[in-house]
Amino acid sequence: MHLMDKHIQSEPTAGVITMKCMLADNGLIMSYERVRRLMRKAAIMPIYPPEDI
């Protein structure tokens, strides 16, 4: 979760897929479900651009 915290601060739009790829690059292979669960547990939420209405 420490790596995920550091990554979301440098890239606030990183979602589950981007986070999973970043962790794999650092040698931590895990499923999307586990990454999503850890992001929820650490209250890490990506910032998305607002939708145009």
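Quick look at the structure, then. (Residues numbered from 1 in each chain as written. Predicted model: local features only at pLDDT ≥ 70, side-chain atom pairs only at ≥ 80, totals over all residues. Heavy atoms only, no water.)

Turning to unusual backbone geometry, a few remarks are in order. Unusually for a residue other than glycine, Ala43 sits at a positive phi of about 55°. With respect to the element layout, Ala43 can be found in the segment after helix 3 (32-41). Looking at Ala43, the relative accessible area reads 62%, which means it is exposed. (Helix = DSSP H or I, 4+ residues; strand = E, 2+ residues; numbered from the N terminus. Buried < 20%, exposed > 50% of the residue type's maximum accessible area, 1.4 Å probe, protein only.)

What follows covers helix 3. What helix 3 keeps buried is the set Val35, Leu38 and Met39. Along the axis of helix 3, the buried residues cluster in a sector spanning 100°; they form a single face. Structural note: helix 3 exposes Glu33, Arg40 and Lys41 on the side pointing more than 90 degrees away from its buried face. Where helix 3 is buried, its residues meet helix 1 (2-10) and helix 2 (16-25). Trailing helix 3 by a residue or two, Ala43 shows a phi angle of about 55°, which is positive. (Arc of directions from axis to C-beta. Contact = heavy atoms within 4.5 Å.)

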